[in-house]
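Here are the chains, one letter per residue:
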Amino acid sequence: MNIEATKLELMHLLLQTQKETLLVKLKKVFEEEQTDWWTEMNSEEQEEIKTGIAQANRGEYIDNDTVMKRFKK
């Protein structure tokens, strides 16, 4: 069975169930499977983002329109 067929089958089963406990369990599985993109980055990448946020908070940035005009030339 391919992944799309499996998804459709699961959607069908999900829509048919009236068991709240099952829905809670499924939700928990999905929550546990979600990854946090921040923790998946290395410390150097995290520091670069922190630096960028700090610069933006100080107003040290170029807005998107200005950048797009610059690169259209």
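Residues numbered from 1 in each chain as written. Predicted model: local features only at pLDDT ≥ 70, side-chain atom pairs only at ≥ 80, totals over all residues. Heavy atoms only, no water.

Asks: Describe in detail the overall build of the protein, supporting the description with residues and values.
Replies: For the protein, the helix and strand inventory stands at five helices and zero strands. Against the 2.2 N^0.38 benchmark of 11 Å for 73 residues, the protein shows a C-alpha radius of gyration of 22 Å, more extended than a compact globule. Based on the C-alpha atoms only, the size of the protein along its principal axes is roughly 55 × 30 × 25 Å. Within the protein, the fraction of its 73 residues that count as buried is 4%. Summed over its atoms, the accessible surface of the protein is roughly 7400 Å², and 56% of this surface lies on carbon and sulfur atoms. Taken together, the 11 basic and 15 acidic charged side chains of the protein have centroids lying 6 Å from each other. (Helix = DSSP H or I, 4+ residues; strand = E, 2+ residues; numbered from the N terminus. Rg over C-alpha atoms; globule rule 2.2 N^0.38 Å. Buried < 20%, exposed > 50% of the residue type's maximum accessible area, 1.4 Å probe, protein only. Areas by Shrake-Rupley, 256 points an atom, 1.4 Å probe, with all protein chains shown as cover. Lys, Arg positive; Asp, Glu negative; His and termini not counted. Charge placed at Lys NZ, Arg CZ, Asp CG, Glu CD.)

Asks: Can you break down the packing of aromatic side chains residue by residue, with the values?
Replies: Summed over all chains, the structure comprises one aromatic pair. Note on Trp37 and Trp38: the rings are 5.9 Å apart at their centroids and 85° apart in plane angle, and the pair reads as edge-to-face. (Phe/Tyr/Trp six-rings, centres within 6.5 Å; stacked < 30°, edge-to-face > 60°.)

Asks: Break down the environment of Leu14 for me, citing the residues and quoting the values.
Replies: Take Leu14: it is sitting in helix H1 (residues 3-16). Its relative accessible area of 42% is what places Leu14 among the partly exposed residues. Remark: the alpha-carbon pair of Leu14 and Leu26, spanning 12 residues in sequence, is separated by 9.3 Å.

Asks: Tell me about the pattern of salt bridges, and please be specific about residues and values.
Replies: Enumeration according to the criterion identifies three salt bridges in this entry. Ionic pairing is found between Glu47 and Lys50, a salt bridge with its closest N-O pair at 3.6 Å. With a gap of three residues between them, Glu47 and Lys50 both fall in helix H4 (residues 43-57), about one helical turn apart. Take Glu47: its relative accessible area is 44%, and that puts it in the partly exposed class. Given the relative accessible area of 42%, Lys50 is considered partly exposed. (Salt bridge = Lys/Arg side-chain N within 4 Å of Asp/Glu carboxyl O.)

Asks: Before we move on, can you summarise the side chain of Gln46 with the specific residues and values?
Replies: If you trace the backbone, Gln46 turns up in helix H4. Of the residues examined, Gln46 reaches a relative accessible area of 16% and is grouped as buried. Non-local contacts of Gln46, meaning those with residues more than four positions away in its chain, are made with Trp38, Thr39 and Met41. (Contact = heavy atoms within 4.5 Å.)

Asks: Pulling in residues and values, what's your account of H4?
Replies: The terminal C-alpha atoms of H4 lie 21 Å apart, and with 15 residues this matches the ideal 21 Å at 1.5 Å per residue to within 8%. By the N-cap criterion, in which a side-chain oxygen at the helix start approaches the backbone nitrogen of a residue two or three places on, H4 is capped by Asn42, the distance to Glu44 being 3.0 Å. Trailing H4 by a residue or two, Gly59 shows a phi angle of about 80°, which is positive. (Expected span 1.5 Å × (residues − 1). Polar contact = N/O pair within 3.5 Å; in protein donor to acceptor, adjacent residues only side chain to side chain.)

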